[in-house]
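A structural walkthrough
One-letter residues, chain by chain:
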There are 4 protein chains.
Amino acid sequence: MNNTFGRNLTVTLVGESHGPMVGAVIDGMPSGVRIDEKEIMTLMDRRRPAGKTATARHESDIPQFLSGVKDGYSTGTPLTIMIPNENVRRSDYDRLADTPRPSHADYTGHIRYRGYEDASGGGHFSGRLTAALTAAGAICMHMLEQEGIHIATHILRLADIEDRPMDPLKDMDALKDKAFPVLSDEQGEKMLEKIRTAARENDSLGGILETAVTGLEAGTGDPFFDTVESLLAHALFAVPAVKGVSFGSGFGFADMKGSQANDPYAVKDGKIITLTNHNGGICGGITTGMPVCFQTVIRPTPSIGIPQSTVNLKTMENTQIRIGGRHDPAIVHRACPVIDAVTAIVFADLLIGRYGYEHFGGER
Amino acid sequence: MNNTFGRNLTVTLVGESHGPMVGAVIDGMPSGVRIDEKEIMTLMDRRRPAGKTATARHESDIPQFLSGVKDGYSTGTPLTIMIPNENVRRSDYDRLADTPRPSHADYTGHIRYRGYEDASGGGHFSGRLTAALTAAGAICMHMLEQEGIHIATHILRLADIEDRPMDPLKDMDALKDKAFPVLSDEQGEKMLEKIRTAARENDSLGGILETAVTGLEAGTGDPFFDTVESLLAHALFAVPAVKGVSFGSGFGFADMKGSQANDPYAVKDGKIITLTNHNGGICGGITTGMPVCFQTVIRPTPSIGIPQSTVNLKTMENTQIRIGGRHDPAIVHRACPVIDAVTAIVFADLLIGRYGYEHFGGER
Amino acid sequence: MNNTFGRNLTVTLVGESHGPMVGAVIDGMPSGVRIDEKEIMTLMDRRRPAGKTATARHESDIPQFLSGVKDGYSTGTPLTIMIPNENVRRSDYDRLADTPRPSHADYTGHIRYRGYEDASGGGHFSGRLTAALTAAGAICMHMLEQEGIHIATHILRLADIEDRPMDPLKDMDALKDKAFPVLSDEQGEKMLEKIRTAARENDSLGGILETAVTGLEAGTGDPFFDTVESLLAHALFAVPAVKGVSFGSGFGFADMKGSQANDPYAVKDGKIITLTNHNGGICGGITTGMPVCFQTVIRPTPSIGIPQSTVNLKTMENTQIRIGGRHDPAIVHRACPVIDAVTAIVFADLLIGRYGYEHFGGER
Amino acid sequence: MNNTFGRNLTVTLVGESHGPMVGAVIDGMPSGVRIDEKEIMTLMDRRRPAGKTATARHESDIPQFLSGVKDGYSTGTPLTIMIPNENVRRSDYDRLADTPRPSHADYTGHIRYRGYEDASGGGHFSGRLTAALTAAGAICMHMLEQEGIHIATHILRLADIEDRPMDPLKDMDALKDKAFPVLSDEQGEKMLEKIRTAARENDSLGGILETAVTGLEAGTGDPFFDTVESLLAHALFAVPAVKGVSFGSGFGFADMKGSQANDPYAVKDGKIITLTNHNGGICGGITTGMPVCFQTVIRPTPSIGIPQSTVNLKTMENTQIRIGGRHDPAIVHRACPVIDAVTAIVFADLLIGRYGYEHFGGER
C-alpha cells in the first residue's frame, strides 16, 4: 500500500498542504493506550515552525481525534487524527504551477499524478504531512515508554558544525524537550548562527541527525526481509528530505577492519551485552539488546530565494524562477521529532507482532 | 511478512546454510519472461566465492526451477528456485554452538528463535541465501532490460582505496561481467592487495558500493510511504552486512547549501532533464527520469581468524573464540551482483504496479 | 491490516456510530477519476433509511472530501471521505452498556477491545460505517463503468417471498435506481408487506441478495489464494449481517451432477462464451468473461423490540433486555447498494493490478 | 500477494500437477512447534485418492522439509514443504491442450497466463496443490491443538443424502480418522453407493461439508475487513471446487425472524455462553467463545467421461471432447481434510496476531 506503513500497527497519511486538513489513520492500535493531548502536543510543538529560523506559515496544529479514542484512551478501532489547515495562502504558489521548483516534488508529482495533483504548497508531498505523522508517532512513543523504551534524536552535524556524539544511557533525557536538540549548547549556537546566515543569503542548509533507542530487548526483527534496519529505513526514507540512513558506525565501516568493527560479547550483571556497539544494536537484522543507534541525513531545504533554472511545462522552454512564499532556511532541527515519531511507529509495530496486541495498552 | 518482499511481484527467501538447499519463490512474475539459465548464472557466478580472496567453500550453485517455468519462459504462476547445498561441513561450526561469534547473528538468532534455530554455518542468516536472491534478481533484471532499464554496481571504496565515481551513461557496460567490479583497474589492483593483506592478518575489510539504474521513466514511486528510496532501502538492508544506504549526494548533503544541492531542470531534445543529479534521480520519492544513483556500505565480514571475546550461553561466563572454518576476507565485490539483484526486484515490482502485469513478459 | 482491504487500491474504514463521523480512506485511486457528488449520493441514498420500513434515525449523509480530490477529479493521492454523524442520541444506548444485545457485536467487541470500545450505537460495528463504504464503492463503480463494467443487486428472497432470478444482460438497468430493488414489483410488494408485519411484531427479517457483474473480460484473478471468489467473499463478509456467500449455482451444486454443473464452451461472434453459467463467471478463481453472479444471505436485524435473555457483564447474572431505540425491521434492501459498492472495490483493485494504475482515470 | 495467504503466519503454494513437485512455504511459524511427520501424514492420507471412489493416480505424498525444521521442531525461519510428483502421465493431457475442459481452469488459465501456463494435469490449478496445503495446515492444526483448539469436518450432504448435523462438543473425535467422514455410517454407505453409481455413469457428484472449531476464546477477529468470516472465506474459496461458504444458520437465515436468529446470552459455570449458536460462533466478525461452525459447498468434479461441448482455441471452432485420464467421481470426502487444514491456517494466523509469535511453540 502506497500510503500505509506497517503490518500489525499501520499508519496511513492523508491530506494536502492547502486542502482542508492533513491527517493520519492508525490501525491496529492496542486498546487502552492513553491518548494524552498535552503529551502529543509536546512532540508536535518541536516540529512546528518557530522563530526566525523557520517559515512564517504558522499553524496551531491541534490534533482532533475523529475516531478510535474514548475518554482519553484508544478504543482499539482505527484511530483517526485530523489536523486542520488554517493558515493557507494558495496565491503564493499559483504562479509556480507550470514551472516546477528544482528538487521539490512538483515535476515528479506532476508526472506521477498526470496533472491531477493538488500541487499547491507541495500538496500531498508537503512537509506539513509530517505534523500528522508526528501525532501518530507520539501515541506510539507513549505506548513504548510504558515498556521502558525511549527514543531521542539530536543534530549531529549541521553544515560543518558538529555536536558531540550521543551516549544513549546518559544524554537522552536532556534532548526530550529541546526545540533545537543538541548536546553541546555551544555548538548549537554556532549552528543557529549558520542558519541565520543562510536565511540572509536566501539559501538553505542540511545536516545529519543521530537517533538512539534504549530499553529494547534482544530478539526483535527478522533476517529476510523485515530486518529492523529495513523497516526503520523504509519509514525514515518516507520523511521528506531524508536521503541517507546508516546504522552504528554506518559509512565509517568502509574504513574499519573486522577486528575493529566486531562487537565482543560479555556478561554483565547476569545479562549479555556487547562491549562496543559499532553495529548499532542490530545483528542479522535483529536487536541485540544494546541501544539501537542510527543516523539520517537531511538534505538542505529545496525552497530557496535565489533564482533557479527550470522549465515551463506548457511551453517546454527553459526559464528561471525565484521562489517567494514562506519557507525554512533549515528543517534539520524540526526533523528531529519526526524521526522520533517514525522510529516509534516501527518499534510499536514490531513489538505488537512479537508479543501480540493484547500485551499492550490496558492502561486504565 | 517477515521473509517476503514486494507487493505485486514478491520474493520469499528460504533455506539454511547447511540444510538441503537455499531457495527463492517469486510470485507475481508476468507470464512469458525468458528464463535463461546461462544469463542467470552469469550474475550468480559473480557472487560465488572464487580465488584467494574468498572462502574455500565452493558450490556449483546451479539453480533448479521447481515450478513456474515451462519451455524456458515464466508461466506466471509461482516460480520456485532451488539451489542445493553441496559442500556442507557442519563440524566446522559445531564447537561454536554455545559461543556466539561477535557481530554474526548467532546470538540474536538464538534469542529470536528461542534455541530452535539451525545455527550451523549461519543457518538462515547465511550469506548463502543471497545466491537464491541473486537468481531471483537476475530474472527481474532480464525483464527490466527488455524495457531498456539497466543496473550496475561498482566498488566505490574499499578500506581507504577509492575507485572513480560512475558516470551512468558511459560506465555501466564495462561493469557487467567483472568479478571485481571497479572502473579503474589500477585502483582495483590496490584494493585486491589490501584484501590479500587482510587475509594474511586473519582480518577482514569493508567498503562502499555505488549503484546506478538507467532507462527509468519519470513518475514511478509514491510519497508516503512507498518512496523509491524506502523500497530500495528496505530490500538493501536485508542484504547481510549492509549498514548504510544513501541516495545521490547522500551524507554529503550535510555540507551543501540548497543552491548547491538543487538540480535545475532543462529541456534537452524535447525531454525534461536535470542539469545535475545530486538527488540521485528521485524527488519526493518518485523517479525524475535521470539515473537512480545510490551508495551502500558493506561492513567488514564478521568472520575473522583473530581471537575474540564472547560468552558461553550455557554457563553465562565470559570466554574467547577463534573462528576457524572457511570465510572471506572481504565480500565487498561479491555483494555487487546481490545489490544489482535486489535493485532489479524493487523496480520490477514498482513497474508492474504502474503498468500492470499484462504489460510485461510475452517474449515468445 | 485489520481495517483495510485491497492490494493496489485499498479502502480503510474509520469511525463510530455516535462519534463525530464515519469515514473511508481510499489509497491507490488512479489520477483523474471523476468524483461526482450527485452520482455518489445516488448510491448512498439507496442505503439510507427511509420510510416506514426503516430506523427513525435520519442522517443527510453528505460526504465531504477531505483529501485526494481537486476540481472534481481524484488526484491519485489518498482520498479521504468523511460523513459527519448528526442525529446522535447516545442516551438510547446508555442503559444497554452492561447487558450485551444478543447477536450484536456488543459482547464480542467488549472482549476484543477489553472494555475500551465506544459501544454506543454499535460503535465501530455499526451499520453506519457502510455509508462510508458505499461512498468509496460508488467512486470505484464510476471508474469501472468507464470500462463498460456494470454491477447490480436485487432481493432474490425475503422471508419466503422470491423475486425472479436476474438475467444479467437484460435486468440490470432496471435495478439501478430502485430503493427496494426487485425485478417483480408484485413480489416486491409482498416482501414489503412482510416487513411491515415484522415491524408491527417488533421482530425483523432476513433475505438473500443476488448480484451480477457484466462487462468483465476473461482472465482476471489468481488460483491461490486470491481467487475472485476469495476476494469478493473477504469483502462481502465484512458487511454486517452477511452470513453466507455463494457463486453461480452455489449450494445448489450439492444436488447437481458434473454433467449438469459444467458450462460448455462455444464460439459466438468470434468470442468464446459458455452456454450456461452455473459457475457464476469464475473458473479456477479467474473470470471466464461471462457475468460474475453471486448470492449473499443477510441475517435478520438483531435489534428487535421483543424481550431477550442476556447477561449483566458486571454482576455476571442472567437478565432480560428489551431494545428500544431506532432500528430496521429489515435491512435486506438497504444492503443492496452496499454489496454493489463492495463488489466495485474488489474489481477496481483486481483490474488495477492487471492493467496498472496508469490505465485508469485520466477522464478530463 | 496472489499466491500467499495470511498476515503473521503466511502460506505460499507453489508447483504444478505434472512438474517436479508441489509445495508450500510457511513463513512466520513460531519456533519450537513439533513437526511430526506421522501426524502430518495422517491428515494428508485422508486427502489422498484411495479405492474405487477416486482417481487411479496414486502418489505416496511424503512431504520433505527443505528448510525451517531441525530435530523435529520448527526453527521459526521459513518452513519449506516439498511433495515430489511421481506418478505423472503427461500424455493423458496432451491432446486436450487446445480444447479447454468445461468448468476446469484450462481456458481461464490460458487467458490469465497468456498461453505460457503449464496446463498439463491442471498445472498450478490442480487439486494436487491441496496436498501441500494440507501438510501446511496439519502443522498449524498441531499448534492449535496445544492450545486446546480442535477442528473437524464431515459430509453434511452428498447429492440428496444427508448426514445428521454435527454436535461439536460430542462428535468431533469420531471424525478425526475417517477417510469418509460422516456421523451416520448408514448414510455414509448410501453416499458411497451414489458415488459408485456416478462413476459407472462417467459422471460426478458434489456435496456440502460442515466444519466446527472448538476451544476458541471469545474476542478474536476484527469488524472491518478482517472478520473471522472474511478470513475463513478468503482461504476456503481458494480450495478448488468450493463455490459457497456460510456460517451458522447460513442461507437458512433468509427464512428466520430476528427472534429466532438471535442467540441469547447466559452465564454457565461462571462463563458467558450463548444458549443457541445460529451465528456460528461469530458476532460482528469476532469469536463469541462458542464453536465456530460453517458450511462449504463442493461442486461436482468437472472431469467427467461424458462427451462435452467446447471450442478449439486455435481454430476458434466449436468441437466436442471426452475426457479420459484419471479422475474422481466425487472429491467431497477428500476435501474434508483440506478444509480442516485451511481452517487451521486461518486461526493460527489470527491467534499469532492476538497473542504474539512468542506465545506459541516452544514445545521441547
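For the structure itself, consult the block above.
The paragraphs below set out a description of the structure included in this document. Positions within a chain are numbered from 1, following the residues in the order the chain's sequence is written. Here every chain gets a letter starting at A, and every ligand a number starting at 1, in the order they are written. In view of the model being predicted, local features appear only for residues whose pLDDT reaches at least 70, and side-chain atom pairs are presented and counted only at 80 or more, with totals across whole chains, interfaces and linings using the full set of residues. Side-chain metrics in this entry use all non-hydrogen atoms of the structure; hydrogen atoms and water are not considered.

Thoughts on the layout of surface pockets
Residues and elements named next belong to chain D. Think of a 1 Å grid over just the protein atoms. A cavity is a set of points where a 1.4 Å probe fits yet cannot get out, a pocket is an open set with protein on both sides within 12 Å along at least five of seven lines, and lining residues have an atom within 4 Å of a point. Grid points are joined across faces, edges and corners, and a volume is the space filled by probe spheres set on the points. Volume-wise, the largest pocket comes out at about 720 Å³. Along the wall of the largest pocket there are 34 residues; nearest its centre are Pro 168, Leu 169, Asn 277, Met 290 and Pro 291. When residues of the lining of the largest pocket are traced back to their parent elements, those giving at least two are helix H5 (168-175), strand E10 (207-214), strand E13 (271-274) and strand E16 (292-298). In this description a helix means any DSSP run of H or I spanning at least four residues, a strand means any run of E spanning at least two, and both kinds are numbered starting from the N terminus. Among the elements that take part in the lining of the largest pocket, E10 stands out by supplying five residues, more than any other. When residues are grouped by polarity, Ala, Val, Leu, Ile, Met, Phe, Trp, Tyr, Cys and Pro land in nonpolar, Asp, Glu, Lys and Arg in charged, and all others, Gly among them, in polar. A per-class count over the lining of the largest pocket returns 16 nonpolar, 13 polar and five charged.

Quick word on the relation of the copies chain A and chain D
Least-squares superposition of the copies uses the C-alpha atoms of those residues scoring a pLDDT of at least 70 in each of them. Each copy superposes on the other: chain A lies on chain D with an RMSD of 0.0 Å after a rotation of 180° and an axial shift of 0.0 Å. These values place the two chain copies in the arrangement generated by a two-fold rotation axis. In terms of C-alpha distance to the rotation axis, chain A has Gly356(A) as its closest residue, with the C-alpha 1.8 Å off the axis. Note on definitions: a residue-residue contact is assigned when non-hydrogen atoms from the two residues lie within 4.5 Å. Same-surface contact between copies: 100% of interface residues of chain A are shared with the interface of chain D.

Re the sheet that holds strand E7 (residues 79-84) of chain A
Two strands in a sheet stick together by hydrogen bonds in their backbones, pointing the same way (parallel) or opposite ways (antiparallel). All names here are of chain A. The five strands are arranged E1-E2-E3-E7-E4 in an open sheet whose pairing can be described as antiparallel. The open sheet is flanked by strand E1 (4-5) and strand E4 (64-67), the only strands paired with a single partner. For two strands to be treated as a pair, DSSP must find no fewer than two bridges joining them. Sheet topology note: the strand E3 (residues 21-27)/E7 ladder contains six bridges and is antiparallel. Opposite Val 25, over in E7, you have Thr 80 as the bridge partner.

Quick notes on helix H4 (residues 129-145) of chain A
A helix is expected to reach a length of 1.5 Å times the quantity of its residues less one. With 17 residues, H4(A) ought to run about 24 Å at 1.5 Å a step, and its terminal C-alpha atoms sit 24 Å apart, in line with that. Note on exposure labels: buried denotes an accessible area under 20% of the residue type's maximum, exposed denotes more than 50%, and partly exposed covers the range between, all computed with a 1.4 Å probe on protein chains only. With 16 of its 17 residues buried, H4(A) lies for the most part within the structure.

Digging into the interface of chain A and chain D
With nine residues of chain A at the contact, the number on the chain D side is nine residues. Buried area, as used here, totals the accessible surface that two parts lose on assembly, with accessibility defined by a 1.4 Å probe and the loss added over both. The junction of chain A with chain D conceals about 1000 Å² of combined surface from both sides, 36% of it contributed by carbon and sulfur atoms. Among the residues of chain A in contact with chain D, Arg7(A), Arg354(A) and Tyr357(A) are the three that bury the most area, contributing 44% of the side total. Any carboxyl oxygen of Asp or Glu within 4 Å of a side-chain nitrogen of Lys or Arg constitutes a salt bridge here. Counting across the interface, chain A meets chain D through two salt bridges. Between Arg354(D) and Glu358(A) there is a salt bridge, with its nearest N and O atoms 2.9 Å apart. Side-chain atoms alone can form a polar contact between residues adjacent in sequence; in general such a contact is a pair of N or O atoms within 3.5 Å, and within protein one must be able to donate a hydrogen while the other accepts it. Our enumeration of links across chain A and chain D arrives at eight residue pairs in polar contact (both at pLDDT 80 or more). Here the side of chain A that touches chain D is built from residues that sort into two nonpolar, four polar and three charged.

Points about the interface of chain A and chain B
Listed by partner, the interface residues are 103 residues for chain A and 103 residues for chain B. Across the chain A to chain B interface the summed buried area is about 8200 Å²; carbon plus sulfur atoms make up 61%. Where chain A meets chain B, there are 56 residue pairs in polar contact (both at pLDDT 80 or more). Here the side of chain A that touches chain B takes six residues from strand E11 (residues 242-247) of chain A, the largest share from any one element. Within the side of chain A that touches chain B, the residues separate by chemical class into 50 nonpolar, 35 polar and 18 charged. In terms of strand pairing, E11(A) meets strand E11 (residues 242-247) of chain B through three bridges, oriented antiparallel. Bridged to Val245(A) within E11(B) is Val245(B).

Points about the state of the cysteines
Throughout, disulfides are identified as pairs of cysteine sulfur atoms within 2.5 Å of each other. In total, this model carries zero disulfides over all chains according to the counting rule given. You can see Cys283(A) has no disulfide; the closest cysteine sulfur is in Cys293(A), sitting 13 Å from it. Take Cys283(A): its relative accessible area is 5%, and that puts it in the buried class. Free of any disulfide, Cys140(B) has its nearest neighbouring cysteine sulfur in Cys336(B), separated by 19 Å. Given the relative accessible area of 0%, Cys140(B) is considered buried.

What about the relation of the copies chain A and chain B?
When chain A is fitted onto chain B, the two copies agree to an RMSD of 0.0 Å after a turn of 180° and an axial shift of 0.0 Å. Interface overlap between copies is the fraction of interface residues in one copy that are interface residues in the other; for chain A against chain B it reaches 100%, indicating a shared surface.

A word on the pairing of strand E8 (residues 150-158) of chain D
All names here are of chain D. Counting buried positions over the nine residues of E8 gives eight, a clear majority of the element. With eight bridges connecting them, E8 and E10 associate as antiparallel partners. In the strand pairing of E10, Thr 153 is matched with Thr 211. Linkage of E8 to strand E9 (residues 161-162), two consecutive antiparallel strands, is achieved through a turn of two residues, within which Ala 159 is found at a positive phi near 50°.

Describing the environment of Ala344(C)
Residue and element names in this part refer to chain C. Among the structural elements, Ala 344 can be located in helix H9 (residues 332-355). C-alpha separation for the pair Ala 344 and Leu 144, spaced 200 residues apart in sequence, amounts to 7.3 Å. Residues contacting Ala 344, with those up to four places away along its chain left out, are Gly 137, Cys 140, Met 141, Leu 144 and Ile 151.

Points about unusual backbone geometry
Here the residue pair Phe224(B) and Phe225(B) is connected by a cis peptide bond, since its omega of -5° sits within 30 degrees of zero. Note on placement: Phe225(B) falls in the loop between strand E10 (207-214) and helix H7 (228-236). The backbone of Met316(A) shows a phi angle near 55°, a positive value even though the residue is not glycine. The residue Met316(A) is located in the loop between strand E17 (308-312) and strand E18 (317-321) in this model. Phi is positive for Asp61(C), close to 50°, though the residue is something other than glycine. Along the polypeptide, Asp61(C) turns up in the loop between helix H1 (37-47) and strand E4 (64-67). With relative accessibility at 2%, the residue Asp61(C) sits in the buried group.

Regarding the pattern of salt bridges
All chains considered together, the criterion is met by 80 salt bridges over all chains. A salt bridge links Lys257(A) to Glu201(B); the nearest nitrogen and oxygen atoms lie 3.3 Å apart. Residue Lys257(A) is located in the loop between E11 and helix H8 (258-261), and its partner Glu201(B) is located in the loop between helix H6 (185-200) and E10; the two belong to separate chains. Judged by relative accessible area, Lys257(A) falls into the partly exposed class, the value being 31%.

Taken by themselves, the reported measurements are silent on function.
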